[in-house]
Amino acid sequence: MNARKNATRTRTEEFEMLVDDTPLFVKATAFQTYTMETQYRVSVNGSPVYIFGWHPALKRITAIDRGSTASNIPPKVVDAIGDQLYHRMAA
């Protein structure tokens with residue numbers, strides 16, 4: 001018997017934003033973790049990838065990187081991207 005893994009479709013969204021008069025080009029790709037949570041690989045203006053996901057205490061999508069890379073994004077940008085991801089991809 002030929003076994004095939006279920007192919008999980010990923011969806012990439014590209015969008016532009018303006019935060020504090022700074023233009024941002026965001027590329028976000030949804031994926032599922034082994035626990036079936038939806039998370040997002042996010043690049044801002046061609047940056048390295050940040051991981052965004054649902055934060056239960058904050059009740060919102062936010063940067064969830066455990067390393068220092070997530071701290072490189074200004075909080076207003078994280079909030080704006082999280083809001084866009086919620087409205088564009090999670091809804």
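Residue indices begin from 1 for each chain and proceed along its sequence in written order. Residue-level local features of this predicted model are given only where pLDDT is at least 70; pairs of side-chain atoms are given and counted only at 80 or more, and the full residue set underlies all totals for whole chains, interfaces and linings. Hydrogens and water molecules were not included; the side-chain quantities draw on all heavy atoms of the structure.

Enquirer: What exactly am I supposed to notice about the nonpolar core here?
Expert: Ranked by internal contacts, the top residues of the largest apolar core, which has 20 residues, are Met 17, Val 42, Phe 52, Ile 81 and Leu 85. Numbering of helices and strands starts at the N terminus; helices are DSSP runs of H or I of at least 4 residues and strands are runs of E of at least 2. Secondary structure elements with two or more residues in this core: β1 (12–19), β2 (22–32), β3 (38–44), β4 (50–55), β5 (60–63) and α1 (75–90). Per-element tally for this core: the top contributor is α1, with 5 residues. Grouping buried Ala, Val, Leu, Ile, Met, Phe, Trp, Tyr and Cys residues that are joined through side-chain atoms within 4.5 Å yields what is termed a nonpolar core. Relative accessibility decides the category of a residue: with a 1.4 Å probe and only protein chains considered, values under 20% of the type maximum give buried, values over 50% give exposed, and everything between is partly exposed.

Enquirer: Can you help me understand the pattern of salt bridges in this one?
Expert: For side chains bearing opposite charge, pairing can occur when the charged atoms are close. Salt bridge criterion: a side-chain nitrogen from Lys or Arg within 4 Å of a carboxyl oxygen from Asp or Glu. With the rule as written, the count across this model stands at 4 salt bridges. Here Glu 13 makes a salt bridge to Arg 88, at a shortest N to O gap of 3.5 Å. Of the two residues, Glu 13 sits in strand β1 while Arg 88 sits in helix α1, which places them 75 residues apart along the sequence. Among the ionic contacts, a cluster of salt bridges with common partners joins Arg 60, Asp 79 and Asp 83.

Enquirer: Hey, could you run me through the confidence of the model for the protein in this one?
Expert: Detailed reading of predicted coordinates is not advised where the pLDDT is low. The predicted model of the protein has a mean per-residue pLDDT of 84, with 80% of residues at 70 or higher. Looking at any residue, its pLDDT shows the predictor's confidence there, from 0 to 100. Here a residue-residue contact requires only that any non-hydrogen atoms of the pair lie within 4.5 Å. Across residues 1–7, confidence stays below pLDDT 50; counting only partners more than four residues off in sequence or on other chains, it has 0 contacts.

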